[in-house]
Amino acid sequence: MEVVESVFSYLEGTNCYCCDESAAIIREKVSQLPLDAVHLIGTGDYHYVSLFYLERISHPFRLVLFDNHPDDQKGTLMEGMLSCGSWVGEARRLEMLRDSVWIRRVEDLALLDPSGLPLYLSVDLDVLDEKYASTNWDQGTMSLDELCCAIDTLKSRGSIIGVDICGGLTIEKGASSEDLAKNKAAEEALLNLFR
């Protein structure tokens, strides 16, 4: 799969919450990018960019979310505005999305029945233990090997129609050189699964 940078942090009104004007710009830009790719979307504060890719899928599919948070909460600060914590709830309204499965631990893979539907994978590095990645959200307990094995298992079950990866702490968000090195290693290990 091709690797595509989909970072839109330079736009106003996009950090954690996405205003309508910026959402329209991002949708337009995303519409020009390949869907069948690995999309690198920046920190977890921009995880809602996943929704704009999902909106483009024109056949039944399933969303598999590797994340330490379900991202299906109602916005509390700005009611009704798309956010990094509400985008999965919005995605569930899409006509072609048949279901979504939230995976925090390897054991959660058992929740995914073998329906044969194509999968879209969304990976937030905060699902990983702090030993393997540094993010600006509280983190899970999964090892990098466990995450890679889980994705390999899903690849063997059927077609992957798109992938996105987010969550790594950046210099702008306070990352140290050690943080950047950990995140780069995690990202590279994930990208190698699709090369």
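Residues numbered from 1 in each chain as written. Predicted model: local features only at pLDDT ≥ 70, side-chain atom pairs only at ≥ 80, totals over all residues. Heavy atoms only, no water.

Enquirer: Would you mind going over the pattern of salt bridges in detail, with residue names and values included?
Expert: Across all of its chains, the model carries nine salt bridges by this definition. R105 is the partner of D108 in a salt bridge, and the nearest nitrogen-oxygen pair spans 4.0 Å. With a relative accessible area of 12%, D108 lands in the buried category. R195 is the partner of E188 in a salt bridge, and the nearest nitrogen-oxygen pair spans 3.1 Å. Residue classification places E188 among the partly exposed residues on the basis of a relative accessible area of 26%. Connected via shared salt-bridge partners are K184, E188 and R195. (Salt bridge = Lys/Arg side-chain N within 4 Å of Asp/Glu carboxyl O. Buried < 20%, exposed > 50% of the residue type's maximum accessible area, 1.4 Å probe, protein only.)

Enquirer: Tell me about the pairing of strand β4 (residues 61-66), residues and numbers included.
Expert: Of all six residues that make up β4, six are buried, and the element is covered over most of its length. With burial as the criterion, each face of β4 is covered, one bearing F61, L63 and L65 and the other bearing R62, V64 and F66. Pairing of β4 with strand β6 (residues 97-103) involves six bridges; the strand directions are parallel. Within the sheet, the bridge partner assigned to F66 lies in β6 and is I103. Sheet topology note: the β4/strand β7 (residues 119-124) ladder contains five bridges and is parallel. (Helix = DSSP H or I, 4+ residues; strand = E, 2+ residues; numbered from the N terminus. Pairing = 2+ DSSP bridges.)

Enquirer: Outline helix α4 (residues 144-157), listing residues and values.
Expert: Its 14 residues place the ends of α4 20 Å apart at the C-alpha level, agreeing with the 20 Å of an ideal helix rising 1.5 Å per residue. Buried within α4 are the following residues: L144, L147, C148, A150, I151 and L154. The arc that holds the buried residues of α4, viewed along the axis, is 160°, so those residues lie on one side. Exposed and facing more than 90 degrees away from the buried side of α4 are D145 and S156. Of the surrounding secondary structure, the elements contacted by the buried residues of α4 are β4, β7, β8 (160-166) and α5 (177-192). (Expected span 1.5 Å × (residues − 1). Arc of directions from axis to C-beta. Contact = heavy atoms within 4.5 Å.)

Enquirer: Break down the nonpolar core for me, with residues and values.
Expert: By size, the foremost hydrophobic cluster in this structure holds 30 residues, and its most contacted members are F66, L121, L147, I151, I165 and L190. When contributions to this core are tallied by element, the ones reaching two or more residues are β3 (37-40), β4, β6, β7, α4, β8 and α5. It is α4 that contributes the most residues to this core, six residues altogether. Each residue touching I151, except ones within four places of it in the same chain, is listed here: F66, L121, V123, L190, L193 and F194. With 29 residues, the next largest nonpolar core counts L11, L35, F61 and L63 among its residues. (Core = buried A, V, L, I, M, F, W, Y, C linked by side-chain atoms within 4.5 Å.)

Enquirer: Before we move on, can you summarise the sheet that holds β3 with the specific residues and values?
Expert: The pairing of strands in a sheet happens through backbone hydrogen bonds and is either parallel or antiparallel. Spatial ordering of the open sheet is given by β1-β3-β8-β7-β4-β6, a layout of six strands whose pairing is parallel. Edge positions in the open sheet fall to β1 (2-5) and β6, since each of these has one partner strand only. With direction set aside, neighbouring strand axes in the sheet form an average angle of 15°. Pairing of β1 with β3 involves four bridges; the strand directions are parallel. Paired with E2 across the two strands is A37, which belongs to β3. Against the sheet, α5 makes contact with β1, β3, β7 and β8, and its axis sits at roughly 165° relative to β3, the strand it touches most. (Axes fitted to C-alpha atoms, helices over the stretch in contact; angles between N-to-C directions.)

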